[in-house]
Amino acid sequence: LLDRARGFCVSTQDPVGGGHHCLLGGGANDFLVTSTLASQSCPAVGRAAGLRLAHHLKIERPLLPPDAVSYVSLGDGSVNNAHFLSAINLAEYMQHRGFQCPVVFGISDNGLCISLKGDGWLDRFAEQRLGMPVFYADGNSLASVYKATHDAAEHARRRRVPATVIFSGITRRFGHAATDRQEAYLTQAEIEAAEDHDALAGECARAVAQGVASYPQLLGRLEELEGMVQKAFDEASEEPKITSREACLSFNCQPLVPKAQVAKEAAGLRSASKVPTTPQLMRQCMTLAFNELLEAHKNLVYIGEDVQHGGYYRVTEGLHAKHGWRVADFPPDETSLLGVGIGYAQAGLVPIVEIPYAKYLDCGGDMFFEAVIMNWLSVGRKPCGMVIRLQGFDKGVFGGNYHTHNILHLPPGLDVVAYSNGPDYVRGLRHAVAQAAAGRVVMLVDSTDLLNRRHLFDKDDAWRRPYPVDQSDVMDFDEVTTHGEGDRLLIVSYGNGVPTALRARAALEKEYGASGIVVADAPYLSGVPGGLVDLLARFKAVLFADVCKMGQHPQAGQVCQLQAQGVLPAKWRSIAAVPTYNPLGSTLTFLSEEDVIKSALPLLG
């Protein structure tokens, strides 16, 4: 009772939310619940599938027992939500494919979705939409609730398939929330009837009739509980609240695993597969890196859309043949895909979730943000560590805006990295997987234009590079690579912006006689890399060249931080791609060499 009161009072002593939010959960096999939201459904499906996969893979420390059933509760209004529709579709799809998925959806039916009346829709919905078994309970009978829930759970556990239990006849006694004006949509008679309804009255009468207790005993117990509740709230309301921004910031994500520790743990590992010694395309380096890490980490899995045959850019080619269902396709629905990633993480796996095109992340946006906020929400107790591989980013002529998107989301607690070449991707992926295993969410962004790039100038083959074989060779978030010598102008970019900046530098040197220009490849975008701070001290001017659209560009945040730290030189500029949408079959709006040259010239003057 005291812990529940602490949650309602948002006390820092609350063992579940720690004063961040009012939550249910916190037990060894529990996950956080804010209310009866449909958004909890896809992770529940992921937990069900993940717990079975974790035991099949015989990982060392599965977080859930092998006979566990994943249970998720939601309200009758939430069955209309796209999250729930994604979840039941995926659960039934997995059953259809023969994959084990013991999940139970518990739906409480009080006939109201805030102010919208159900009008019998839930029964019609269950009849028309649910292909899984549905168990019904009278929500006013403890015995009925117990039996239906037990039967649904046993069905899911025994057959390892999804099921639903519906708790009917529930009355919402009071308003939905403090801001709810029931008189606007209910009659006075309806409000009074709901307030007078006592869900426990029938159970109390049954207990007396069967000689379990007398009415005076029940009344005494009620008064005792009332006193305990009042005391708990009196105590919890006096406990401290979060009062500092630093306290909030400290739980954005799990602590970084130091580079030295990542390298030490990888030292001595050897890939079972033969690694070529000749220079490789970036996508070939990526394929080798995913294979290397899947070999090294039994709890690592790779999920996405069309990944089993190699994906749109052949990055996962051959991985399913080598690693079986650890590399698996899911239906084309980013909501359920990212939700499964959350559930897999909660089952003890380390998922790499591939989003086929950067624009498609919008389709699973809520699950994406849920994964990122979970560490903060749970005060660091229930992180959802994963790697999100976001491909189909930046310059290209295929698919227009929908396949060459150049906007990035940077919520607090997310590590975003965009590498420019194969070896850096490999070294960075090793670091990213280690961080994900420790509970962080890391998003690796692929620039489409770089995956098959061979040349920087003419036929120089400069962008094909050897694979870094030493698995202890890792690239942390602070590392920045420089190209060139001098101290006159530093051009900072990432991803596809790096070759763009290098070509612009060559043009500045050849056409304008400029010298002392250095290009910095700074792939970490969620903060300021330590290596960049160290670099700035020696330069007279700096140009930030961002491949994202103006107003949506991550380097703007970096500039603000550097300005606040007082480390920017007196002369600096920040440029980005044009703030519009790119026409199909064109590269018109992307960051260009001309953009970099035009902005660099005044800084060189």
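Report follows, based on the coordinates. This one's a predicted model, so the numbers in the text were calculated from it and none came from an experiment. (Residues numbered from 1 in each chain as written. Predicted model: local features only at pLDDT ≥ 70, side-chain atom pairs only at ≥ 80, totals over all residues. Heavy atoms only, no water.)

**Looking at the overall build of the protein chain**
In step 1: When you go through the protein chain residue by residue, the secondary structure sums to 20 helices and 17 strands.
In step 2: Taken over the C-alpha trace, the protein chain has a radius of gyration of 28 Å; the compact-globule value for 605 residues is 25 Å, and the two agree within 12%.
In step 3: Here the C-alpha coordinates of the protein chain stretch approximately 100 × 50 × 45 Å along the principal axes.
In step 4: Buried positions account for 52% of the 605 residues belonging to the protein chain.
In step 5: Taking all contacts inside the protein chain whose residues are at least 6 apart in sequence as the whole, residues at least 24 apart take part in 78%.
In step 6: For the protein chain, the accessible surface area stands at approximately 26,800 Å², while carbon and sulfur atoms represent 54% of it. (Helix = DSSP H or I, 4+ residues; strand = E, 2+ residues; numbered from the N terminus. Rg over C-alpha atoms; globule rule 2.2 N^0.38 Å. Buried < 20%, exposed > 50% of the residue type's maximum accessible area, 1.4 Å probe, protein only. Contact = heavy atoms within 4.5 Å. Areas by Shrake-Rupley, 256 points an atom, 1.4 Å probe, with all protein chains shown as cover.)

**Digging into the sheet that holds strand β5 (residues 134-138)**
Across a sheet, paired strands are connected by hydrogen bonds in the backbone, their directions being either parallel or antiparallel.
In step 1: Here we have four strands laid out as an open sheet, ordered β1-β2-β6-β5, and parallel in their pairing. Sheet topology places β1 (70-75) and β5 at the edges, where each strand pairs with a single neighbour. Across the sheet, the mean angle separating the axes of adjacent strands is 20° when strand polarity is ignored.
In step 2: As judged from the five bridges shared by β5 and strand β6 (residues 163-168), these two strands associate in the parallel manner. Looking across to β6, one finds that Phe135 is bridged to Val165.
In step 3: Where helix α3 (residues 82-97) meets the sheet, it contacts β1 and β2 (103-108), and its direction lies at approximately 145° from that of β2. (Pairing = 2+ DSSP bridges. Axes fitted to C-alpha atoms, helices over the stretch in contact; angles between N-to-C directions.)

**Some details on the side chain of Ser141**
In step 1: The residue Ser141 is located in the loop between β5 and α5 (142-159) in this model.
In step 2: Ser141 gets classed as buried once you look at its relative accessible area, which sits at 12%.
In step 3: Within polar-contact distance, the side chain of Ser141 engages the backbone nitrogen of Ser144 at 3.1 Å.
In step 4: For Ser141, the residues in contact, after removing those within four places along its chain, are Glu203 and Arg206. (Polar contact = N/O pair within 3.5 Å; in protein donor to acceptor, adjacent residues only side chain to side chain.)

**A closer look at the nonpolar core**
In step 1: Core analysis: the largest hydrophobic core is formed by 127 residues, its most contacted members being Phe105 and Met443.
In step 2: By residue number, the principal contributor to this core is helix α11 (residues 282-296), which donates eight residues.
In step 3: Residue contacts for Met443: discarding those within four places in its chain leaves Leu361, Phe368, Ile388, Leu390, Leu408, His409, Leu414, Asp415, Val416 and Val417.
In step 4: Judged by nonpolar contacts, the second largest core, of 16 residues, contains Val480, Ala520, Val542 and Leu568. (Core = buried A, V, L, I, M, F, W, Y, C linked by side-chain atoms within 4.5 Å.)

**Notes on the sheet that holds strand β15 (residues 517-521)**
In step 1: Strand order in the open sheet formed by five strands is β13-β15-β14-β16-β17, with mixed pairing between adjacent strands. The two strands at the open ends of the sheet, each matched to only one other strand, are β13 (481-483) and β17 (571-577). Taking each pair of neighbouring strands and ignoring which way they run, the sheet shows an average axis angle of 20°.
In step 2: Bridge analysis of strand β14 (residues 489-493) against β15 gives five bridges, and the strand direction is parallel. Paired with Leu490 across the two strands is Val518, which belongs to β15.
In step 3: Strands in contact with helix α19 (residues 555-565) are β14, β16 (541-549) and β17; relative to β16, the strand with the most contacts, it is inclined by about 150°.
In step 4: Docked against the sheet, helix α20 (residues 593-604) engages β14, β15, β16 and β17, running at close to 170° with respect to β17.

**Section: the pairing of β15**
In step 1: Burial analysis of β15 places five of its five residues in the buried class, the great majority of the element.
In step 2: Covered by surrounding structure in β15 are Ile517, Val519 and Asp521 together with Val518 and Ala520, the residues of both alternating faces.
In step 3: Of the strand pairs in this sheet, β13 and β15 are connected by three bridges, and their pairing is antiparallel. Residue pairing across strands places Thr481 opposite Asp521, the latter belonging to β15.
In step 4: Once the chain exits β14 it traverses helix α17 (residues 497-512) before rejoining the sheet at β15, and the crossover so formed is right-handed. (Right-handed = clockwise from strand over helix to strand, strands pointing away.)

**Observations concerning the state of the cysteines**
In step 1: Applying the stated criterion across every chain, the model contains zero disulfides.
In step 2: In this structure Cys113 is not part of a disulfide, and its nearest cysteine sulfur, from Cys42, lies 18 Å away.
In step 3: Overall, Cys113 belongs to the partly exposed group, its relative accessible area being 33%.
In step 4: For the unlinked cysteine Cys384, the closest cysteine sulfur is that of Cys42, found at 13 Å. (Disulfide = S-S within 2.5 Å.)

**A word on the environment of Thr316**
In step 1: Along the chain, Thr316 turns up in the loop between β7 (300-304) and α12 (319-323).
In step 2: Using a relative accessible area of 0% as the deciding quantity, one classes Thr316 as buried.
In step 3: C-alpha separation for the pair Thr316 and Thr287, spaced 29 residues apart in sequence, amounts to 5.7 Å.
In step 4: When neighbours within four sequence positions are excluded, Thr316 is seen to be in contact with Thr287, Tyr302, Val307, Gly310, Gly311 and Glu354.

**With respect to the pairing of β6**
In step 1: The element β6 is extensively covered by neighbouring structure, given that five of its six residues are classed as buried.
In step 2: Running through α5, the crossover from β5 to the neighbouring parallel element β6 is right-handed.

**With respect to the packing of helix α2 (residues 41-56) against helix α13 (residues 334-346)**
Helix-helix packing is characterised by the crossing angle of the two axes and by the distance between the axes.
In step 1: Between α2 and α13, the shortest axis-to-axis distance is 6 Å and the interhelical angle comes to 50°. Between α2 and α13, the crossing angle belongs to the class labelled oblique. Both α2 and α13 take part in a crossing whose hand is right-handed. Contact with α2, carried on its side by Cys42, Pro43, Gly46, Arg47, Ala49, Gly50 and Leu53, involves Thr335, Ser336, Gly339, Val340, Ile342, Gly343, Tyr344 and Gln346 of α13 and no other residues of that element.
In step 2: Its residues placed into classes, the contact of α2 with α13 shows seven nonpolar, seven polar and one charged. (Parallel < 35°, antiparallel > 145°, perpendicular 65-115°, else oblique. Left-handed = near helix turned anticlockwise from the far one by under 90°. Nonpolar A, V, L, I, M, F, W, Y, C, P; charged D, E, K, R; others polar.)

**What to know about the side chain of Gln254**
In step 1: The topology assignment puts Gln254 in the loop between α9 (245-249) and α10 (259-266).
In step 2: Of note is the side chain of Gln254, whose polar atom sits 2.6 Å from the side chain of Asn375.

**Examining α19**
Residue pairs three or four apart in sequence face the same way in an α-helix, which turns once every 3.6 residues.
In step 1: Among the residues of α19, Gln555, Gln558, Val559 and Leu562 are the ones counted as buried. All buried residues of α19 project into a common sector of 100° when viewed along the axis, lining one side. Exposed side of α19, more than 90 degrees from the buried face: Cys560 and Ala564 are the residues found there.
In step 2: Following α19 by one or two positions, Gly566 adopts a phi angle in the positive range, close to 75°. (Arc of directions from axis to C-beta.)

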